[in-house]
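Breakdown of the fold
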Amino acid sequence: MAVPVAFFALFFAYPVTAIVGRGLKAEGDWQFGRIGEVLSRPDILDVLWFTTWQALASTALTLLIALPGAYVFARFDFPGKQVLRAVVTVPFVLPTVVVGTAFLALLGRGGLLDELCGIRLDTTVWAILLAHVFFNYAVVVRTVGGLWSQLDPRQEEAARVLGAGRFAAFRRVTLPALAPAVAAAALMVFLFTFTSFGVVQILGGPAYSTLEVEIYRQTAQLLDLPTAAVLTLVQFAAVGAILAVHAATVRRRERALKLVDPAQTSRRPRGAGQWALLGGVLLTALLLILLPLGVLVERSFDGPGGYGFGYYEALQSVGAGGSSTFLVPPLEAVGNSLRYALVATLIALVIGGLAAGALTRRAGRLVRGFDALLMLPLGVSAVTVGFGFLITLDKPPLDLRTSWILVPLAQALVGVPFVVRTMLPVLRAVDDRLREAAAVLGASPLRAWREVDLPLVRRAVLVAAGFAFAVSLGEFGATVFIARPDNPTLPVAVARLLGRSGELNYGQAMALSTILMLVCAVSLLLLERIRTDRSGEF
């Protein structure tokens, strides 16, 4: 636990505490009375209520739509499975401003739905909920599906032989085994939607505001740092309470499971019902995932003179469209993002792997509290973290403001919780008797880990690496404050282009977003292939 605790204390707790302290101090004295003043305002209470109920609704809708997809990816073998698995993860790395614009083109005035049916959903909560499902579909599919594919189907088949119906066998055998993974996926979806920013700001309009949107508005537009600090504390407390409840309830349901090679559980669909389920999942992916992505691709080629590569060619020059926001060609952001994401992934795997290993030891309340603390970066405003980095990491021996490592550190903060939540259910499902047998036969703890744990969790490690790499590529909230003008990341470059008027800037933003999608899809596809090639080693 020492290394993860030190990492989070230095690069998360210290910056967040410093920025909140500045907001609640006046002339050196703490002004705690401001908390009651802010929370008694009707507009703030409306923000708190909307933030909570839309997050609950988004989580429930995501689970309802994505759990059938998790089953299909875990149990069925069909052509194009690896490609589709990579495609459904792409939305997770897109900047929220780009996704919001894509859904606005689909659901807003003059959008596809307006043209076909005369229906507009922009400035409604339905547009927000659908966009949240678009973002988080992959969280459920990959987190739940990763464990589901390793559950021995013969246990459910044995229940069927003993007289249980299909639903009863699933409810009594499979669902309890999946409960920790489902709870982990639901927790991540809730935290992301609870702190939603770009989607709500673009699709919701002035009628809807989450805590994250309000923190940004109070900080960047109204310059009211005390109110922003209070809202950050509220968000921090709410997320802490949620994580505490999660840690207490999920642990009671965790147990050792018999894990098998995923290749043994995957087969072609049989019967009309299974083919219909596969078709329904494919149709959902087409309408929910591919259609918005297709809009982005179409706009990246749709130039003033017709379809072509004009926007992509403009990315190679610094001053295209009169832009003065870049010191280097925007296309260089591709290489920057890949380098940053790789370093952030390595950091996240090391920190998250050590944390997950410590959490499997069940060492009392201290470890359980540490489990909840690891998820806090997902529930704290990225605006707060970004500002905190700027005001705290500016003095020796940690003067990192001009160092390239600052961006991967911020990205790793978001990647570590995904590594922990992906690896932890699988690590805790490993039967302790296997480790004990290895120890009896003379294996050292390190060799027991290498020979027993690693073959069983290798799949989870690769899934965790994919998640960490994906979220690092798409991290925007904190990176926008610390990325240097001569080394922008892809999301920062897209946001800068979208922030400037002009058709050329907008087209370049769409082109960069398309490149980001392709980079993520190719990376995840390679990961899927590596994982499949090694599956026979389990």
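These figures come from a predicted structure and were not determined experimentally. (Residues numbered from 1 in each chain as written. Predicted model: local features only at pLDDT ≥ 70, side-chain atom pairs only at ≥ 80, totals over all residues. Heavy atoms only, no water.)

**Concerning helix α5 (residues 96–107)**
What counts here: Helix numbering and strand numbering both begin at the N terminus, where a helix is a DSSP run of H or I of at least 4 residues and a strand a DSSP run of E of at least 2. Here, expected helix span is obtained from the residue count minus one, scaled by 1.5 Å. A 1.4 Å probe rolled over the protein chains alone gives each residue an accessible area, and that area as a share of the maximum for its type sets the label: buried under 20%, exposed over 50%, partly exposed in between.
Across its 12 residues, α5 extends 16 Å between first and last C-alpha, which sits within 8% of the 16 Å expected from 1.5 Å per residue. α5 sits mainly inside the fold: 10 of its 12 residues count as buried. Where α5 is concerned, the buried positions are V97, V98, V99, G100, T101, A102, F103, A105, L106 and L107.

**Observations concerning a nonpolar patch on the surface**
Worth spelling out the cut-off: To count toward a patch, a residue needs a relative accessible area over 30% and no salt bridge; like charges are then connected within 9 Å, while nonpolar side chains (Val, Leu, Ile, Met, Phe, Trp, Tyr) are connected within 5 Å. For every accessible area listed, the method is Shrake-Rupley and the probe measures 1.4 Å; residues are considered covered only by the protein chains on display. Within this document, salt bridges are pairs made up of a side-chain nitrogen of Lys or Arg and a carboxyl oxygen of Asp or Glu, the two lying within 4 Å of each other.
A surface patch of nonpolar side chains, about 620 Å² in accessible area, is lined by L112, L116, L283, L286, L287, L290 and L291. When residues of the nonpolar patch are traced back to their parent elements, those giving at least two are α6 (112–117) and α14 (271–301). In terms of residues, the nonpolar patch owes the most to one element, α14, which gives 5 residues. For L116, a relative accessible area of 65% gives the class exposed.

**A look at the pattern of salt bridges**
Scanning all chains against the criterion turns up 1 salt bridge. Across the pair D43 and R41 runs a salt bridge, and its minimum N-O distance is 3.1 Å. Residue class for D43 comes out partly exposed when judged on its relative accessible area of 34%. On the accessibility criterion, R41 (27% relative accessible area) is partly exposed.

**Here we look at helix α4 (residues 81–89)**
Of all 9 residues in α4, 7 are buried; the element is thus mostly enclosed. Considered for burial, the residues of α4 that qualify are K81, L84, R85, A86, V87, V88 and T89.

**Observations concerning the environment of G118**
With respect to the helices and strands, the residue G118 is situated in the loop between α6 and α7 (125–148). Along the primary structure G118 and L107 are separated by 11 residues, whereas in three dimensions their C-alpha atoms are 10.0 Å apart.

**Some words on the side chain of T345**
Counted only if it meets this: The criterion used for residue contact is that any of the two residues' heavy atoms lie within 4.5 Å.
By secondary structure assignment, the location of T345 is in helix α16 (residues 332–359). Ignoring anything within four residues of it in the chain, the contact list for T345 reads A465, A468, F469 and S472.

**Observations concerning a positive patch on the surface**
Basically, it comes down to this: His residues and chain termini do not enter the charge count, which takes Lys and Arg as positive and Asp and Glu as negative. Charged groups are reduced to one reference atom each: NZ for lysine, CZ for arginine, CG for aspartic acid, CD for glutamic acid.
A cluster of basic residues, R160, R166, R267 and R270, forms a positive patch on the protein surface. Relative to the helices and strands, R267 is located in the loop between α13 (262–265) and α14. The class for R267 is partly exposed, based on a relative accessible area of 31%.

**Thoughts on the confidence of the model for the chain**
Counted only if it meets this: Per residue, pLDDT captures the predictor's confidence, and it can take any value from 0 to 100.
With 87% of its residues at a pLDDT of 70 or more, the chain shows a mean pLDDT of 78. When mean pLDDT is taken per element in the chain, helix α3 (residues 42–75) scores highest with 90 and α13 scores lowest with 60. A low-confidence stretch, residues 534–538 stays under pLDDT 50, and its non-local contacts, those more than four residues away or across chains, total 9 contacts.

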